[in-house]
Amino acid sequence: DGGFIAETGIFIVKRIRSLNHKATSLKSEVQIVSGLPWFINVSKRVHNGVPWIALFLKCDLGTTRGVKWSVGAKWHFRILSGDGSAYEPELGGTGDRDLPEEREGDGEDVFKADPGGSWGWDRVIQVEDLFDPQHNFITYDRIRVEVTIK
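Residues numbered from 1 in each chain as written. Predicted model: local features only at pLDDT ≥ 70, side-chain atom pairs only at ≥ 80, totals over all residues. Heavy atoms only, no water.

1. Some thoughts on the nonpolar core
Worth spelling out the cut-off: Side-chain atoms within 4.5 Å are what join buried Ala, Val, Leu, Ile, Met, Phe, Trp, Tyr and Cys residues into a set we call a nonpolar core. Categorising residues by exposure relies on relative accessible area from a 1.4 Å probe, with only protein chains included: less than 20% of the type maximum marks a residue as buried, more than 50% marks it as exposed, and the intermediate range marks it as partly exposed. Helix and strand labels come from DSSP, where a helix needs a run of H or I of at least four residues and a strand needs a run of E of at least two; each type is numbered from the N terminus. The contact criterion used is simple: two residues touch if any of their non-hydrogen atoms lie within 4.5 Å.
One finds Ile-16, Trp-38, Ile-40 and Val-147 to be the most contacted residues of the largest nonpolar core, which totals 33 residues. Sorting the residues of this core by element identifies β1 (7–14), β4 (36–47), β5 (50–59), β6 (70–80), β9 (118–126), α1 (127–131) and β10 (142–149) as the ones contributing at least two each. No other element matches β6, which puts 5 residues into this core. Every residue in contact with Val-147, bar those within four places of it in the chain, is listed here: Glu-7, Thr-8, Gly-9, Phe-11, Val-33, Ile-40, Leu-57, Trp-75, His-76 and Phe-77.

Have a look at this one:
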């Protein structure tokens, strides 16, 4: 792994309830993790008639005309609940409605300067499960996503 140290950031996505109404996507504030600026984008997508939450990670180095850059990163994410426990999704949308304590959300990708240079998953958690008060994912109309980047 080239001696890189993994660092973890907590990304807060505000106004999450607006995904059930008018917003098409929401962006977290930028966090510096492993020495680089990152943000996550959350949106609602429908797959086979079922609404899902999509989550994508992007390096926010920006785009400058004629300047190309790329960053390779291994990353892992968890959606945090209000009580500090975490949901680690089984990615790909298997249709499994249970929310076991341990599920994985890993990626190893190259992030680039182009506008589409983000990586993530279209089906992280069903909207119904994210908004279910029993799971306690939404606190003060926001969710917290823990991302570890190496």
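2. Here's the deal with the packing of aromatic side chains
To be explicit about the condition: The rule is short: rings of Phe, Tyr and Trp, with Trp giving its six-membered ring, pair when the centres are within 6.5 Å, and they are stacked under 30 degrees, edge-to-face over 60, tilted in between. We call a charge positioned over a ring when the NZ of a Lys or the CZ of an Arg lies within 6 Å of the ring centre and within 35 degrees of the ring normal.
Within this structure, the stated rule accounts for 3 aromatic pairs. Taking 6.0 Å as the distance between ring centres and 25° as the angle between the ring planes, the aromatic pair formed by Trp-75 and Phe-77 counts as stacked. Note on accessibility: Trp-75 and Phe-77 belong to one class, buried. Ring geometry for Trp-75 versus Trp-121: centroids 5.0 Å apart, planes at 40°, classification tilted. Of this pair, Trp-75 sits in strand β6 while Trp-121 sits in strand β9, and the two are 46 residues apart along the sequence. Ring pairs connect the aromatic residues Trp-75, Phe-77 and Trp-121, which therefore count as one cluster. Lying over the aromatic face of Phe-39, Lys-27 brings its terminal NZ or CZ to 4.3 Å of the ring centre.

3. Quick look at unusual backbone geometry
Phi is positive for Asn-136, close to 60°, though the residue is something other than glycine. Tracing the sequence through the fold places Asn-136 in the loop between α1 and β10. Residue class for Asn-136 comes out partly exposed when judged on its relative accessible area of 30%.

4. Notes on the confidence of the model for the protein chain
For the record, the criterion: The predictor reports its confidence for every residue as pLDDT, a score running from 0 up to 100.
Across the protein chain, the average pLDDT comes to 77, with 75% of residues at or above 70. Averaged over each element, pLDDT in the protein chain is lowest for strand β7 (residues 86–87) (69) and highest for strand β2 (residues 25–27) (90). Within the model, pLDDT remains below 50 along residues 92–104, and this stretch shows 26 contacts once partners closer than five positions in the same chain are excluded.

5. So, the environment of Gly-9
You can see Gly-9 is positioned in strand β1. On the accessibility criterion, Gly-9 (6% relative accessible area) is buried. Between the C-alpha atom of Gly-9 and that of Val-30, which follows or precedes it by 21 residues, the distance is 9.9 Å. When sequence neighbours within four positions are dropped, the list of residues in contact with Gly-9 reads Val-33, Val-145, Glu-146 and Val-147.

6. As for the pattern of salt bridges
Worth spelling out the cut-off: For this analysis, a salt bridge means a side-chain nitrogen from Lys or Arg found within 4 Å of a carboxyl oxygen belonging to Asp or Glu.
Under the defined criterion, the tally for this structure stands at 4 salt bridges. Where Glu-29 meets Lys-14, a salt bridge forms, and the shortest distance between an N and an O atom there is 3.1 Å. Placement of the pair is Glu-29 in the loop between β2 and β3 (31–33) and Lys-14 in strand β1, with a sequence separation of 15 residues. Glu-29 sits in the partly exposed class, given a relative accessible area of 47%. Across the pair Asp-122 and Arg-45 runs a salt bridge, and its minimum N-O distance is 2.2 Å. You can see Asp-122 sitting in strand β9 and its partner Arg-45 sitting in strand β4, a full 77 residues away along the chain.

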